[in-house]
Amino acid sequence: MSTYRLSNVLAPRSVALVGASPRQGSLGAAILKNIRQGGFAGEIGLVNPRHGEIAGMKTFGHIDKLPFAPELVVVTAPAREIPEIIDAAGKRGAAGAVIVSAGLGHGPGSIAEATDRAARVYGMRLIGPNCLGIMMPRVKLNASFAAHMPRGGNLALISQSGAIAAGMVDWAGQKSVGFSGVVSIGDQLDVDIADLLDYFALDRDTGAILLYIEAVRDARKFMSAARAAARVKPIVVVKSGRMAQGARAAATHTGALAGADDVYDAAFRRAGMLRVFDLRELFDCAETLGRLKAPEGKRLAMLTNGGGLGVLAVDRLTELGGVTAALSPAALQQLNAVLPPTWSGSNPIDIIGDADAARYAAALEILLADPGNDAVLVMNVQTAVAPASDIADTVTRVVAATREKRRPARPVLAVWVGAGPEISKTFDAAGIPNFATEDDAVRGFMHLVKHREAREALSAVPTSLPADFVPDVEAARAIARTAVAEGRRWLDPGEVKRLLDAYQIDMVPTLEVADPEQAVAFAETLFARGNKVVLKVLSRDITHKSDVGGVVLNLATSDEVRSAAADILGRAKALRPDARLDGVLVQPMVLRAKARELILGIADDPTFGPVVVFGRGGTAVEIINDKALALPPLDLSLARGLIARTRVSRLLSAYRDVPAVKEDAVALTLVKLAQLAADLPEVTGLDINPLLADASGVLAVDARVAVAAPDRKFAGPGNARFAVRPYPTEWVRHLALKKDWRILVRPIRPEDEPLIHGFLKHVTMEDLRLRFLAPMKHFSHEFIARLTQLDYARAMAFVAFDEASGELAGVVRLHSDSIYETGEYAILLRSDLKGRGLGWALMQLLIEYAKSEGLKQIYGQVLRENTTMIDMCRSLGFKVEPDPTERDLFDVTLPLDR
């Protein structure tokens, strides 16, 4: 249900505590104390049938006896009573409840199911059960049993663990870090991580979001919310359970490589989230994100009175991908003028152990004005020469003065080794992130850098695919569906070859033969062409052929082939007497002396669905364990990034006498595999191992494909198990309008951004004003990126092209609300192409799409003077009414459930 009524739950005007108690040590007593001490200004009601008064406040025996209708109900009552409590709260008009109580169980017949059913009758939102509660400093509401109320700030914390949430609040109190909200979600009976990501992404008081995750239940919903939120603010996530070995029993090499935590890591990366691995790093992230804006680059200047400390900082910075800033000539000249001749002369700027506050100030002022760096790290090792506290005071004054002069201010971080709490408080009060060690500080800086890079990656325009890549999807589906219909788990080798051919992935020619003599007959045709021969065991029951000695290479004569075929079948029968043996595979021996052996494949994750895997191939693939994962669908940019995260990627470039692998040959193959996964939900696993890659291109030597009937509980177009919804090719249309005007309409793609910029040049300022309800003079890359980069889960846009000229003629878009019931539409046409029926056709297509998605209505706002749009809406069946708050607007609504 996403953000529906969450503002009422998280910023209520009235609260009722059901289960309030006078007993010390009880949840009811602790939460009552916190609500009162927090300073909540709204009405507070207590419900407990056993007491007439608690802590001086009148108590009521039932919710319906309260003198007011509570907007939020906080429940600490026994589990068995909760369904009735929620029903009563719903009848009184409560928007939601925070259920702190545990023991509601799970699944059909449980108390949790009865509670959820009661809430849905009234549209109530539920947080919990089994949670710490919520803490919302903006409305001074502490409806939790945490030890302390956090101060106000710009960090939001969403946690599946109450203990982690409480610990973060305690840490933040010591560091003067504040929160816009803290929500412990517990068992997520209703409100989940995705709902809260949506809420805090739109919250003006939230600058960054911190997540503690144990597991994700609805991957598509989570990814949609996370990607949308990460475009507008940093999201930092720490996930427990990293050592779970979910791939031990995997049948394919790819499945074995795709461990559960690796898949979560791929999901976080795809969503643009910053992953950290422990609470200390999460604290450091909060320290920087809560105080600083992301720098423009990753060049760090380091000012220190200790050379060794500076060197350690450089080592960590380089290791994490940062850049040691080079001093500009002007800055170098200025530093030489104010520092002793023994200073380091370069970055790190070591101003020597006897540096006092004045020397720090002089150097820092120069660095903050130097265009050669993007941020400054100030470090101090305490000495008897100058008090560390005096230097800290001076640094804060210099930073404050610089912030007044320059907007935006350059980030400054601090490390005072061994400093006492008073120095930390000095920096906290000045809003300067400060850390115990240089390692922590550099990591904090790189968190800022990675957030900026993630945000840029989310809005980057991907490279277009080759126009000649048109897979034969119907042929591929027929292969997979035939195998499933026959009850088979694996495709036969011949089927694998035809499947890869359908996606233009070259594979070594393969022939299946039943016995040694047939193998000899085919081998002799290969010998005649100058090829040697490879034999492989043919069995649906033997997953890894080399495990049973089922692969023999470099066969050059008929006798060798005959003998090898007999040996392969004999060994397989002896080692796997339970396996069905269908014969042997005969292939030409491929000799590419300078080719790299790679593995590419598709694995299936129980949470995130299909995953694309890339790494170093060969028989020792699991031992070498050089791999990276990505969630499909992929474009060339994402595929290149996937490759770059492996060690073997370095071997794809030229070295010594080995030429580079053909440009983008491997990346394009990964994109093709991702498209295969999107088109064929029957494919549950795929290995290409090895894929040979060299200057001439790529060639699959061996491959296996696992299939199964798609899980029908997942609905949606394409492969509905994709965590990131695939491009909806089924919505491509060819339309014939007035005077035989031929139009191609398709869903928008990220690479359409340049076309949108060109399209807008053909739209008059007046038409832009009518579309955006305000004058629009400039469209930034970030603005257009938000329009073109959709996840197709909650938003859709169709672009219309003149088939004759190929020019963009119009755009129509629909964005659903948080509960996926209502969609808001918008439409814009080229001003010189209006009046030819395109607007009508696009609106009809949008209505068809909205119905297919199950939306209940479409609505929009139209300027009163835009009579053309108003008339068209009426003709399409929209209800047109004046907006109750804006005199210049009409609200137009089209019900879809009739």
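Please refer to the structure placed before this passage.
Rules of the game
Residues numbered from 1 in each chain as written. Predicted model: local features only at pLDDT ≥ 70, side-chain atom pairs only at ≥ 80, totals over all residues. Heavy atoms only, no water. Helix = DSSP H or I, 4+ residues; strand = E, 2+ residues; numbered from the N terminus. Contact = heavy atoms within 4.5 Å. Lys, Arg positive; Asp, Glu negative; His and termini not counted. Charge placed at Lys NZ, Arg CZ, Asp CG, Glu CD. Buried < 20%, exposed > 50% of the residue type's maximum accessible area, 1.4 Å probe, protein only. Core = buried A, V, L, I, M, F, W, Y, C linked by side-chain atoms within 4.5 Å. Polar contact = N/O pair within 3.5 Å; in protein donor to acceptor, adjacent residues only side chain to side chain. Axes fitted to C-alpha atoms, helices over the stretch in contact; angles between N-to-C directions. Parallel < 35°, antiparallel > 145°, perpendicular 65-115°, else oblique. Left-handed = near helix turned anticlockwise from the far one by under 90°. Nonpolar A, V, L, I, M, F, W, Y, C, P; charged D, E, K, R; others polar. Pairing = 2+ DSSP bridges. Salt bridge = Lys/Arg side-chain N within 4 Å of Asp/Glu carboxyl O.

## Structural notes on the overall build of the protein chain
Here comes step 1: A tally of helices and strands in the protein chain yields 28 helices and 38 strands.
Here comes step 2: Projected onto its principal axes, the C-alpha coordinates of the protein chain cover approximately 95 × 80 × 65 Å.
Here comes step 3: Put simply, 71% of the contacts in the protein chain that link residues at least 6 apart link residues at least 24 apart.
Here comes step 4: Of the side-chain charges in the protein chain, 105 are positive and 105 negative, and the distance between the mean point of each set is 3 Å.

## Looking at helix H18 (residues 493-502)
Here comes step 1: Extensive coverage of H18 is indicated by the burial of eight of its ten residues.
Here comes step 2: Just beyond H18, the residue with positive phi is Gln-504, at close to 55 degrees.

## Digging into the nonpolar core
Here comes step 1: Formed by 64 residues in total, the largest nonpolar core has its most connected members in Ile-134, Leu-197, Leu-211, Phe-222 and Phe-608.
Here comes step 2: With near-sequence residues (within four places) excluded, Phe-608 lies in contact with Val-216, Ala-219, Phe-222, Met-223, Val-263, Tyr-264, Ala-267, Leu-631, Arg-721 and Ala-723.

## A short note on the environment of Lys-298
Here comes step 1: Here Lys-298 lies in the loop between helix H10 (279-289) and strand S15 (299-304).
Here comes step 2: Expressed as a C-alpha distance, the spacing of Lys-298 and Glu-319, which sit 21 residues apart in the sequence, is 13 Å.
Here comes step 3: Setting aside residues up to four positions removed in sequence, Lys-298 forms contacts with Gly-321, Gly-322, Val-323, Asp-374, Phe-445, Val-449, Arg-452 and Glu-453.
Here comes step 4: Polar side-chain contacts of Lys-298 include one of 3.4 Å to the backbone oxygen of Gly-321.

## As for the packing of helix H22 (residues 636-644) against helix H23 (residues 665-679)
Here comes step 1: Running from N to C, H22 and H23 point in directions that differ by 115 degrees, and their axes come no closer than 9 Å. Classed by the angle they form, the pair H22 and H23 counts as roughly perpendicular. Considering how the two elements wind past one another, H22 and H23 form a crossing that is right-handed. From H22, Leu-636, Ala-639, Arg-640, Leu-642 and Ile-643 reach across to H23, where they touch Val-666, Ala-667, Leu-668, Leu-670 and Val-671.
Here comes step 2: Of the residues assigned to the contact of H22 with H23, the class counts are nine nonpolar, no polar and one charged.

## Some thoughts on the environment of Leu-668
Here comes step 1: Following the sequence through the fold, Leu-668 ends up in helix H23.
Here comes step 2: For Leu-668, a relative accessible area of 17% gives the class buried.
Here comes step 3: Separated by 199 residues in sequence, Leu-668 and Phe-469 have C-alpha atoms that sit 9.6 Å apart.

## Overview of the sheet that holds strand S38 (residues 889-895)
Here comes step 1: Taking strand neighbours across the sheet as the criterion, the eight strands line up as S31-S32-S33-S34-S35-S36-S38-S37 in an open arrangement whose pairing is mixed. Strand pairing shows two members of the sheet lacking a second neighbour, strand S31 (733-736) and strand S37 (879-882), which therefore form its edges. On average, each strand axis in the sheet is inclined to that of its neighbour by 25 degrees, with strand direction left out of account.
Here comes step 2: In terms of strand pairing, S31 meets strand S32 (residues 742-747) through four bridges, oriented antiparallel. Bridged to His-734 within S32 is Leu-744.
Here comes step 3: Packing of helix H24 (residues 753-760) onto the sheet brings it into contact with strand S33 (795-802), strand S34 (808-816) and strand S35 (822-829), and relative to S34 it is tilted by some 115 degrees.

## Points about the packing of helix H11 (residues 307-319) against helix H16 (residues 438-458)
Two quantities define a packed helix pair, namely the angle between the helix axes and the distance between the axes.
Here comes step 1: Two elements in contact, H11 and H16, have axes separated by 9 Å at closest approach and are oriented at 40 degrees. Considered as vectors, H11 and H16 are oriented oblique to each other. The hand of the H11/H16 crossing is right-handed. For the pair H11 and H16, the contacting residues are Leu-309, Leu-312, Ala-313, Arg-316 and Leu-317 in the first and Glu-438, Asp-439, Val-442, Arg-443, Phe-445 and Met-446 in the second.

## Some remarks on the pairing of strand S26 (residues 609-616)
Here comes step 1: Across the eight residues that make up S26, a large majority, seven, are buried.
Here comes step 2: Direction of pairing for strand S25 (residues 596-605) relative to S26: antiparallel, over a ladder of eight bridges. Bridge pairing in S26 links Ile-599 to Gly-615.
Here comes step 3: Between the end of S25 and the start of S26, which pair antiparallel, lie three residues.
Here comes step 4: Two elements, S26 and strand S27 (residues 627-630), share four bridges in a ladder whose sense is antiparallel. Counterpart to Val-612 in the pairing with S27 is Ala-630.

## Focus: the environment of Trp-840
Here comes step 1: With respect to the secondary-structure elements, Trp-840 resides in helix H27 (residues 838-852).
Here comes step 2: Sequence spacing of Trp-840 and Asp-883 is 43 residues, and the spatial spacing of their C-alpha atoms is 24 Å.
Here comes step 3: Excluding anything up to four places from it in sequence, Trp-840 contacts Met-872, Ser-875 and Leu-876.

## Considerations on the pattern of salt bridges
Here comes step 1: Scanning all chains against the criterion turns up 53 salt bridges.
Here comes step 2: With a shortest N-O distance of 2.8 Å, Glu-495 and Arg-488 are connected by a salt bridge. Across the pair, Arg-488 and Glu-495 agree in class, each one buried.
Here comes step 3: Among the salt bridges present, the one from Arg-769 reaches Glu-766, with a minimum N-O distance of 2.7 Å. Separated by three residues within a single helix, Arg-769 and Glu-766 lie in helix H25 (residues 765-772), roughly one turn from each other.
Here comes step 4: Linked through salt bridges whose partners overlap, the residues forming this network are Arg-125, Asp-190, Asp-192, Asp-195 and Lys-221.

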